[in-house]
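Residues per chain are reported as follows:
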Amino acid sequence: MNNILLKLSKIRVTSSTRRSLSLSATQNKNYSCKLLVVGGGSGGCTVAAKFTKRLKKDSVIVLEPSSTHYYQPLFTLVGAGVKPVSATCRSEKSVLPSAATWIQDAAESIDAEKCSVKTVKGDVINYEYIVIAVGLKNDYCKVPGLSEALKDENSGVSTIFDPVYCEKTWRDMQRFQGGNAVFTYPNSPIKCPGAPQKIAYLADSYFTKANVRSKANIVYNTCLPVIFGVKKYADALLKVVERKNIKVNYQTVLKEVRPAEKEAVFYNTADTNKEFTMSYSLLHATPPMCTPEFLRNSPNMTDAAGYLTVDKYTLQHTKYPNMYGLGDCTNTPNSKTAAAVAKQGYVLEQNLLNTMKKDEPKEHYNGYGACPLVTSYNTCIIAEFLYDGVPRETLPINQARESRLAYYMKRDLFPFLYWNFMLKGNYNGPEFVRKIINPFGK
Ligand SMILES: Cc1cc2nc3c(=O)[nH]c(=O)nc-3n(C[C@H](O)[C@H](O)[C@H](O)COP(=O)(O)OP(=O)(O)OC[C@H]3O[C@@H](n4cnc5c(N)ncnc54)[C@H](O)[C@@H]3O)c2cc1C
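Quantities reported herein were computed from a predicted structural model and do not represent experimental measurements. (Residues numbered from 1 in each chain as written. Predicted model: local features only at pLDDT ≥ 70, side-chain atom pairs only at ≥ 80, totals over all residues. Heavy atoms only, no water.)

1. Describing unusual backbone geometry
You will see that Lys 262, though not glycine, has its phi angle at about 50°, which is positive. The backbone of Thr 272 shows a phi angle near 40°, a positive value even though the residue is not glycine. Inspection of the secondary structure puts Thr 272 in the loop between strand S15 (263-268) and strand S16 (274-279). For Thr 272, a relative accessible area of 74% puts it in the exposed group. (Helix = DSSP H or I, 4+ residues; strand = E, 2+ residues; numbered from the N terminus. Buried < 20%, exposed > 50% of the residue type's maximum accessible area, 1.4 Å probe, protein only.)

Next comes the structure, spelled out in structure tokens:
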């Protein structure tokens, strides 16, 4: 009897599965547009806003799965208890231009030869031009034990690189009573390369305020051979770590987290990958990051590491002239920041408009990026630089010096500019400020 029931249930599952497959096959939709923007984060929203103003109605489709848009640069201050995570987000609908069609789905594959994108739900979007701005995702699996530790409220392990866990960083800081507070930087490109050390500086300031600093051993383990990639700011930051008595271990990579033992395993790339174990009371992990899977599965569009291959000056794809890319998912050798996206958005707009007119892209992205390196609850260094680490400062002061002004710019001015100007396509970086301050300068 049991066997008969089992067989019947199997038949039912099979037939209903077939029915739903054929139903969904007929329900799949086909869209066409002049411009498809894949990703509705910082870069995607900015570009969609610019082009809905430039093109006729119904020309722009944005493909974005998430119903929430985050202003990620504030995650650092959430981790330090300055803001709640709710201050970092708005609904995706409210930030996308109303003249764009939003398809709430994710790209599963791109056929760049046929100019079409297949979505995870099975729809097909045909395009004339495409902009790819799908950012980076956290690759937790690369560090065994990390996911498990993050999910455990009492593990003392957190990350500001995820909206789900950045408030946990603040809870961990408040619970800290002494011991090793370990901060890490992984061996992959990451967004905002300054953030892993900013949170260490804020932890130092908070522990001092909470009278536990003398019981804390703050350690910053970074895969990099330097504290920061631009010498002018690296020199200033070395003074900060010295003053704050933070131990920096270079070329040191987190390999595994053992939450049950409160231990982390590291290896040293300068010493034949020699492994060592550290116990921790608090561990702030910056996870390895990678591009979304569909890009990594498109070798015709990406480099060996899965980054979209675009010309580093024009942002046009190296193989497909009707394809452009901006933001964290491209292979341009700049610092992956929202500040870079603001400048790239302008360059991409000018160049894609030229491509649409069958002209050559002429505008050049100079690698501009910025990183407000918060060093305490009221000081910050605003690093601004171009390709090859050439400093390019906006303010008529030495920006490598810690200042209160820079802190309030980071906390209040930049979020304001982001929500009210950049996402609406009206902010292309601080070039205009430079022109006002120094109208005859280069
Ligand atoms: C902790 C932290 C601190 C930071 N601090 C700063 C700072 O101080 N200053 C600064 O300038 N920058 C900072 N940044 C970096 C900044 O947030 C990013 O560089 C910027 O958001 C990159 O924009 P993007 O459009 O490339 O990617 P994102 O804004 O991440 O957007 C990518 C979008 O693509 C979507 N997507 C993913 N996969 C698919 C798919 N298959 N199909 C369709 N859509 C997809 C995602 O849902 C997402 O909405 C920080 C980031 C973090 C995490």
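2. Thoughts on the sheet that holds S15
Across the sheet, which stays open at both edges, the three strands sit in the order S14-S15-S16 with antiparallel pairing between neighbours. Every other strand in the sheet has two partners, leaving strand S14 (252-258) and S16 as the edge strands with one partner each. On average, adjacent strands in this sheet sit at an angle of 25° to one another, irrespective of strand direction. Both S14 and S15 contribute to a ladder of six bridges, which runs antiparallel. Of the residues in S15, the one forming a bridge with Glu 256 is Val 265. (Pairing = 2+ DSSP bridges. Axes fitted to C-alpha atoms, helices over the stretch in contact; angles between N-to-C directions.)

3. A word on the site of the ligand
Within the structure, the ligand sits among 34 residues, and Ser 42, Gly 43, Glu 64, Ala 107 and Asp 328 are positioned closest to it. One of the backbone N or O atoms of Ala 107 is found 2.9 Å from a nitrogen atom in the ligand. One nitrogen or oxygen atom from the side chain of Lys 198 is found 3.1 Å from an oxygen atom belonging to the ligand. When isolated, the ligand has an accessible area of 1000 Å², and the protein chains bury 90% of it. Elements with a minimum of two residues in the shell around the ligand: helix H2 (42-54), helix H3 (75-79) and helix H10 (338-356). Looking at which element gives the most residues to the shell around the ligand, the answer is H10, with three residues. Per-class residue counts for the shell around the ligand are 18 nonpolar, 10 polar and six charged. Each of domain 1 (30-136 + 291-437) and domain 2 (138-289) gives at least three residues to the shell around the ligand. (Near = heavy atom within 4 Å. Polar contact = N/O pair within 3.5 Å; in protein donor to acceptor, adjacent residues only side chain to side chain. Areas by Shrake-Rupley, 256 points an atom, 1.4 Å probe, with all protein chains shown as cover. Nonpolar A, V, L, I, M, F, W, Y, C, P; charged D, E, K, R; others polar. Domains from an automatic or database assignment.)

4. Points about the environment of Leu 74
Locating Leu 74 in the fold gives a position in the loop between strand S3 (68-70) and H3. Judged by its relative accessible area of 3%, Leu 74 is buried. Sequence-wise, Leu 74 and Phe 414 are 340 residues apart; in three dimensions their C-alpha atoms are separated by 9.4 Å. The contact partners of Leu 74, leaving out residues within four places of it in the chain, are Lys 83, Ala 87, Thr 88, Arg 411 and Pro 415. (Contact = heavy atoms within 4.5 Å.)

5. A closer look at a nonpolar patch on the surface
A contiguous nonpolar surface patch, about 260 Å² in accessible area, is contributed by Leu 413, Phe 416 and Phe 421. For Phe 421, the position within the fold is in helix H11 (residues 404-422). Owing to a relative accessible area of 34%, Phe 421 belongs among the partly exposed residues under this scheme. (Patch = residues over 30% accessible without salt bridge, like charges linked within 9 Å, V, L, I, M, F, W, Y side chains within 5 Å. Salt bridge = Lys/Arg side-chain N within 4 Å of Asp/Glu carboxyl O.)

6. Some points on helix H7 (residues 195-209)
Over its 15 residues, H7 extends 21 Å from the first C-alpha to the last, a length consistent with the 21 Å expected when each residue adds 1.5 Å. One or two steps after H7, the chain reaches Asn 211, where phi turns positive at roughly 60°. (Expected span 1.5 Å × (residues − 1).)

7. Observations concerning the side chain of Gln 344
Structurally, the position occupied by Gln 344 is in helix H10. Side-chain polar atoms of Gln 344 contact the backbone nitrogen of Gly 327, separated by 2.8 Å. Beyond its immediate sequence surroundings of up to four residues, Gln 344 is in contact with Leu 315, Leu 326, Gly 327, Thr 332, Asn 334 and Tyr 365.

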